[in-house]
Amino acid sequence: MMQKEFTAVTRAQTTLSRSFRVLLAGLGAASLAACGGSDRPKADMAASQVNTIGVNSYLWRASLETVSFAPLLQADSAGGVIVTDWYANPSNPNERVKVTVTILDQDLRADALRVAASRQVAQGGGWVDAPVQAATVQKLEDIILTKARDLRRKAVAS
């Protein structure tokens, strides 16, 4: 008789233990499900760090728009480098400029952008290097940053 009672108690304990484990597993799954769900914040595609092309896409597009007055010699979106060919303004054909834009970071920040310009003037039938005013380079950087911020603002608004 004792053996039957012991077996019945052991079966009851085993059943209770299995039920307890199933209950624990169910509670664990329910608590994990509560962490997710439809209340997740949506991805902010207008974030300051948008870089599916290797660099910040707002800075990239703004840079391309800004230097679109000149023919492109090189545009590397993975490395973040844009180099124009020499451009001579039709109203001043004795002077030409070449611009290089480098995007240094994936964030939309002022220090993530570097602009370099070269200038040449016609002299004696050839081109001679001439200095570029620092204000000119600074103005180009400001234009690019302003356009990039405007592009981001438009993306946030839509």
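Details of the structure are given in the entry above.
Quantities reported herein were computed from a predicted structural model and do not represent experimental measurements. Here the residue numbers are simple positions, counted from 1 along each chain's written sequence. Given that this is a predicted model, residues contribute local features only at a pLDDT of at least 70 and side-chain atom pairs are listed and counted only at 80 or more, while totals for whole chains, interfaces and linings are drawn from all residues. In computing side-chain properties, one takes all heavy atoms of the structure into account and sets aside hydrogens as well as water.

Regarding the overall build of the protein
The secondary structure listing takes helices from DSSP runs of H or I that are at least 4 residues long and strands from runs of E that are at least 2 residues long, numbered from the N terminus. When helices and strands are counted, the protein shows three helices and six strands. Secondary structure of the protein in N-to-C order comes out as α-α-β-β-β-β-β-β-α. Summed over all atoms, the accessible surface of the protein reaches about 10,700 Å², with 57% contributed by carbon and sulfur. Note on areas: these come from Shrake-Rupley sampling with a 1.4 Å probe, and a residue is covered only by the protein chains present in the view.

Points about the packing of aromatic side chains
The way to describe two aromatic rings as a pair is by their centre distance and the angle between their planes. Within 6.5 Å between ring centres, the rings of Phe, Tyr and Trp (the latter by its six-membered ring) count as paired, and their orientation is classed by plane angle as stacked under 30 degrees, edge-to-face over 60, tilted in between. Applying the stated criterion across every chain, the model contains one aromatic pair. A centroid spacing of 5.1 Å and a plane angle of 75° characterise the contact between Phe69 and Tyr87, whose relative ring orientation is edge-to-face. Of this pair, Phe69 sits in the loop between α2 (57-66) and β1 (72-76) while Tyr87 sits in strand β3 (residues 87-88), placing them 18 residues apart in sequence. In this scheme, the term charge over a ring applies when either NZ of a lysine or CZ of an arginine sits within 6 Å of the ring centre and within 35 degrees of the ring normal. Over the ring of Trp86 we find Arg96; its NZ or CZ atom is 4.5 Å from the centre of that ring.

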